[in-house]
Amino acid sequence: MSFKRSAALGLVTLAAVVFVAGNALAAVIGTDNASAAAYDDGWTEGDDGFITGDGAFGQWFMPGDSATHGHEIGDSTQVAGGSGANINSSGKSFRMWAHNGDYTDAYRFLDPDGLSMGQTFSLDLAVNFRGGFKGMDLRGASGGDPTIFNFNIGGDDYNVANAATGNGSIGNAYSNNTAFHLSFTQTSLAGGTWSITRTGGVNDFDTGTYLGVARSIKLYIGGQGSAPEDDLYVNNLSIIPEPSCLALIGMGCSTLAFWRRK
């Protein structure tokens, strides 16, 4: 192969690397949890907290609280009277409750336009009782049903739905110390991979794929009894670049240096 042809191929490769890496880092990265200053006065409609990366997430949208449903800052270990899963940050997590058959939810966008290719969004859930239903939706474009992944806790089971692959029960072993780490990586403009890591009294790992671009989340809880053990705790929202994308950036820089020397 001639030097000129080799150089041309190298420049094409570099252009592809820079395009992919740039696209992967196009969206805002950052973190948020219940210890952020925005929640010092509670967790309410319109709050827009962050720990790092102001602009990674939009403001919270949620209905007003009532005597039978609400949103507040709490301690996830208290879902089991002190022995529940610890997903706290500085002793704090987001708490949702809906007792006596009521229902409530909370929405938040991944800004500015959802996950870019190569980015990963993750969050933690802590639960105890499995009465009624509670969980989260990962949502794509608006119109029709935007749900591209659902994780539901109810009916004495932990279940995935609306995904491209991996739907169904991920196990029904019970423990009052139950934490789930949910992670979603946008592998292309067409979809990505999801994983659920369970820790606490039971350890488990499940994975699959979803279709579409992850754009927002919906947290929900309903049909519960009156016990605090029915509550849903959420914390540690994060959007990060995939390590492989950082490697691509490094590879691009190395390639550029190589062709510059040539």
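Residues numbered from 1 in each chain as written. Predicted model: local features only at pLDDT ≥ 70, side-chain atom pairs only at ≥ 80, totals over all residues. Heavy atoms only, no water.

> How should the overall build of the protein chain be read in this particular structure?
If you tally the helices and strands in the protein chain, you get two helices and 14 strands. Buried residues in the protein chain amount to 48% of all 262 residues. Sequence separation of 24 or more characterises 68% of the internal contacts of the protein chain that already satisfy a separation of 6 or more. Accessible surface computed for the protein chain: about 11300 Å², of which carbon and sulfur atoms make up 57%. (Helix = DSSP H or I, 4+ residues; strand = E, 2+ residues; numbered from the N terminus. Buried < 20%, exposed > 50% of the residue type's maximum accessible area, 1.4 Å probe, protein only. Contact = heavy atoms within 4.5 Å. Areas by Shrake-Rupley, 256 points an atom, 1.4 Å probe, with all protein chains shown as cover.)

> Whenever I open this one, the side chain of R198 confuses me. Can you help?
As for its position among the elements, R198 is in strand β11 (residues 191-200). Nearest to the buried, unbridged R198 among oppositely charged side chains is D204, at 6.5 Å. Side-chain polar atoms of R198 contact the side chain of T178, separated by 3.1 Å. In contact with R198, not counting residues within four places along its chain, are Y158, A173, Y174, S175, T178, A179, F180, N203 and D204. (Lys, Arg positive; Asp, Glu negative; His and termini not counted. Salt bridge = Lys/Arg side-chain N within 4 Å of Asp/Glu carboxyl O. Polar contact = N/O pair within 3.5 Å; in protein donor to acceptor, adjacent residues only side chain to side chain.)

> What should I look at first to understand the sheet that holds strand β4 (residues 103-109) in this one?
The strands making up a sheet associate through backbone hydrogen bonding, with each pair oriented either parallel or antiparallel. Read across the sheet, six strands follow the order β4-β13-β6-β7-β8-β9 without closing on themselves; strand pairing throughout is antiparallel. Each edge of the open sheet carries a strand with a single partner, namely β4 and β9 (168-169). As paired strands, β4 and strand β13 (residues 216-222) are joined by seven bridges and run antiparallel to one another. Following the sheet pairing, T104 is matched in β13 by I221. (Pairing = 2+ DSSP bridges.)

> Would you take a moment to explain the nonpolar core for this structure?
Generally speaking, a soluble globular protein has its nonpolar side chains buried in company with each other. F121, F149, F151, F180 and L182 are the most contacted members of the largest nonpolar core, which has 42 residues in total. Residues V79, A80, A85 and A179 belong to the second largest nonpolar core, which totals seven residues. (Core = buried A, V, L, I, M, F, W, Y, C linked by side-chain atoms within 4.5 Å.)

> What exactly am I supposed to notice about unusual backbone geometry here?
Leaving glycine aside, a negative phi is the common case for residues, and trans is the common case for peptide bonds. With an omega of 0°, the peptide bond running from D111 to P112 counts as cis. Summarising the element assignment, P112 is placed in the loop between β4 and β5 (119-127). The phi dihedral of D156 falls on the positive side, at around 60°, and the residue is not glycine. Within the secondary structure, D156 sits in the loop between β7 (147-154) and β8 (157-161).

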